[in-house]
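Coordinate analysis (summary)
The residues making up each chain are set out below.
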Amino acid sequence: MDILSYSGAPCSHVVNLRLELVLKSSDLHQSKLTFRKHKFKCTKINSRCGSFRLYNIDQSLLKQNSHQGNFRSSSTLGGFRNVDLKVSSGSYDGYVIDGKEDARDISKPGESETKVVIPGMPDESNGESSAAVSSCFWEWKPKFKVHYEKSGCENVTSPPVLFLPGFGVGSFHYEKQLKDLGRDYRVWAIDFLGQGMSLPSENPTPDSSEGDTLERKDSAWGFGDEAEPWASELVYSIDLWQDQVRYFIEEVIGEPVYVVGNSLGGYVALYFAASNPHLVKGVTLLNATPFWGFLPNPITSPRLAKIFPLSGTFPLPSNVRKLTEFFWQKMSDPRSIAKILRQVYADHTTKVDKVFSRILETTQHPAAAASFASIMFAPRGQLSFGDALSRCKMNNVPICLMYGKEDPWVTPVWGLQVKRQVPEAPYYEISPAGHCPHDEVPEVVNYLLRGWIKNLETQGSIALPLLDDGESIDYSIARELEFVRDGSRKSLSVHFFGSKFSLWNRISSYIKSQFGNTDLKS
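For the structure given in this document, a descriptive report is provided here.

What counts and how
- Residues numbered from 1 in each chain as written.
- Predicted model: local features only at pLDDT ≥ 70, side-chain atom pairs only at ≥ 80, totals over all residues.
- Heavy atoms only, no water.
- Phe/Tyr/Trp six-rings, centres within 6.5 Å; stacked < 30°, edge-to-face > 60°.
- Helix = DSSP H or I, 4+ residues; strand = E, 2+ residues; numbered from the N terminus.
- Buried < 20%, exposed > 50% of the residue type's maximum accessible area, 1.4 Å probe, protein only.
- Patch = residues over 30% accessible without salt bridge, like charges linked within 9 Å, V, L, I, M, F, W, Y side chains within 5 Å.
- Areas by Shrake-Rupley, 256 points an atom, 1.4 Å probe, with all protein chains shown as cover.
- Salt bridge = Lys/Arg side-chain N within 4 Å of Asp/Glu carboxyl O.
- Contact = heavy atoms within 4.5 Å.
- Axes fitted to C-alpha atoms, helices over the stretch in contact; angles between N-to-C directions.
- Parallel < 35°, antiparallel > 145°, perpendicular 65-115°, else oblique.
- Left-handed = near helix turned anticlockwise from the far one by under 90°.
- Nonpolar A, V, L, I, M, F, W, Y, C, P; charged D, E, K, R; others polar.
- Expected span 1.5 Å × (residues − 1).
- Pairing = 2+ DSSP bridges.

This structure, assessed with the given rule, holds 20 aromatic pairs. Between F291 and W414, the ring centres sit 5.6 Å apart and the planes meet at 75°, which makes this aromatic pair edge-to-face. Of this pair, F291 sits in the loop between β13 (280-286) and α6 (302-307) while W414 sits in helix α12 (residues 412-421), placing them 123 residues apart in sequence. Using a relative accessible area of 31% as the deciding quantity, one classes W414 as partly exposed. Both rings, one in W328 and one in F372, keep their centres 5.4 Å apart while their planes meet at 40°; by these two values the pair is tilted.

Next comes the structure, spelled out in structure tokens:
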């Protein structure tokens, strides 16, 4: 892959490329790029010149797809004529092309569709380097070892970013963020206690029953009648996890961070930020689950909690053990895991082999079944999702929302409810994408994260992703994002909802697009 890097004073370069153009800019002067006989003009943003990169797609890829009409070589670009390129934001990779009109008018109704071309993931086979990822352990308390992964430690002047996983997975689910974002930031991803590789290394309830076989003792921990001292008050609850995050940041990272959470990790991220705003630079929610735990919390609802004797602590009651053994046998079956992954990934061509194998590996840990039971019977958190959101708003904690539209579990209505409570938070709805957009479409999530962080770090002088410098969107805009993955072009839609967005705006926009009613706002 040919790369041309440029920075410095205003200038122009002539580059002969066969195919793809990806523009990385901070603040551009006018500069003309000649693509054989087809001229592209970089629109001026302001007075400082930034940098850009041009990528030349491998020729074998061009030949492979030319018969399918997937790419246009230099001999078939006549339809472009003289077109303007417009930098989507002066802070991160990407540009907007309007094939017919000036790109400055792309958000107006009725004009031709626009695209934002963004970088793909680092292609190591083509000479691009990914950030090195390290696997580590941190002993929070005696017998409580927390596994985490990190990258980008050399980026000492860059802000730190911490990723929190969903239920049933771990830091491995953020491999694509660690390898890509670790090139620009200091990145961490942790495993919650009781999940991933943060399961206990010793049996919390050694079973001394003579009737049990050695096989039973080796294969299932946590089903004994008496808890070890270190596990006597152990319960894998959301309160434990938010404490774990706080101590991890204080003792390992050592400074305020950007926290990103998917599903359960989104709830924990919000809960943590609400309880510790001084340790948070911003929170990004990726299809965050808006609830967790079924039983009442003994601190916030002490009387109600007394009615329910179960609390997720060890030793587990005998009826819970039997129930757990029955359900765990089904849940840990490889066919069940594969079925769940098919549900939560909208694009079934997404490679989930590593995720599948790591989940299956976790289920085979001797403490996995009992840990699952503790999680399922743990009480609700002291703060509900809504309360945590209100506290974050009150403390002016920046929040960004990125939701996969095709999520069958946390459907779009949940994300829109969050948006309604914090209307100033940028909301990006990605389609097609399911419950785990960071793993399904990491190119898009990483692109948006970079842009949002830079917007905050520059106090708004760099525009939000998909917006132009100085542009403010009150209602909504839609963009088609395109990138290259495994030698093929992929594209999807991202809808940005502004501060005045409402469900009525969405309905009226749809009616307008269908019937051309100019009396309705869009």
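Moving on from the coordinates now.
Here we take up a nonpolar patch on the surface. There is a patch of nonpolar side chains on the surface, built from L323, F326, F327 and M331 and spanning about 370 Å² of accessible area. As for its position among the elements, F326 is in helix α7 (residues 318-331).

What follows deals with helix α10 (residues 368-376). Each α-helix winds once per 3.6 residues, and so residues spaced three or four apart point in a common direction. Summarising burial for α10: eight of the nine residues are buried, a large majority. If you check which residues of α10 are buried, you get A368, A369, A370, S371, F372, A373, S374 and I375. Each element contacted by the buried residues of α10 is listed here: α4 (238-253), α7 and α9 (353-363).

Looking now at the packing of α7 against α10. Running from N to C, α7 and α10 point in directions that differ by 110°, and their axes come no closer than 10 Å. Classed by the angle they form, the pair α7 and α10 counts as roughly perpendicular. In the crossing of α7 with α10, the sense of the turn from one axis to the other is right-handed. Contacts between α7 and α10 involve V320, T324, W328 and M331 from the former and A368, A369, F372 and A373 from the latter. Grouping the constituent residues of the contact of α7 with α10 by class yields seven nonpolar, one polar and no charged.

Glancing now at helix α5 (residues 264-275). The end-to-end C-alpha separation of α5 is 17 Å, in line with the 16 Å expected for twelve residues at 1.5 Å each. Across the twelve residues that make up α5, a large majority, eleven, are buried. On its buried side, α5 packs onto β10 (160-164), α4, β12 (257-262), β13, α11 (385-394) and β14 (399-404).

Attention now moves to unusual backbone geometry. In this model, F314 is joined to P315 through a cis peptide bond whose omega is 0°. With respect to the helices and strands, the residue P315 is situated in the loop between α6 and α7. In this model, S431 is joined to P432 through a cis peptide bond whose omega is 0°. For N396, which is not glycine, the phi dihedral falls at a positive 60°. Within the secondary structure, N396 is located in the loop between α11 and β14. According to the relative accessible area criterion, N396 is exposed, its value standing at 65%. In this model, Q459 sits at a positive phi of 55°, which is unusual for a non-glycine residue. Counting through the fold element by element, Q459 comes out in the loop between α14 (442-457) and β16 (476-485).

Summarising burial for β12: six of the six residues are buried, a large majority. Burial along β12 is two-sided: V257, V259 and G261 and Y258, V260 and N262, pointing in opposite directions, are all buried. Relative to β12, β10 is paired through four bridges, and the arrangement is parallel. Paired with L162 across the bridge in β12 is V259. Alignment of β12 against β13, held across six bridges, turns out to be parallel.

Here we take up the environment of W328. Along the polypeptide, W328 turns up in helix α7. Taking relative accessible area as the criterion, W328 reaches 17% and is therefore assigned buried. For the pair W328 and F372, spaced 44 residues apart in the sequence, the C-alpha separation amounts to 8.3 Å.

None of the figures reported here should be taken as evidence of function without further support.
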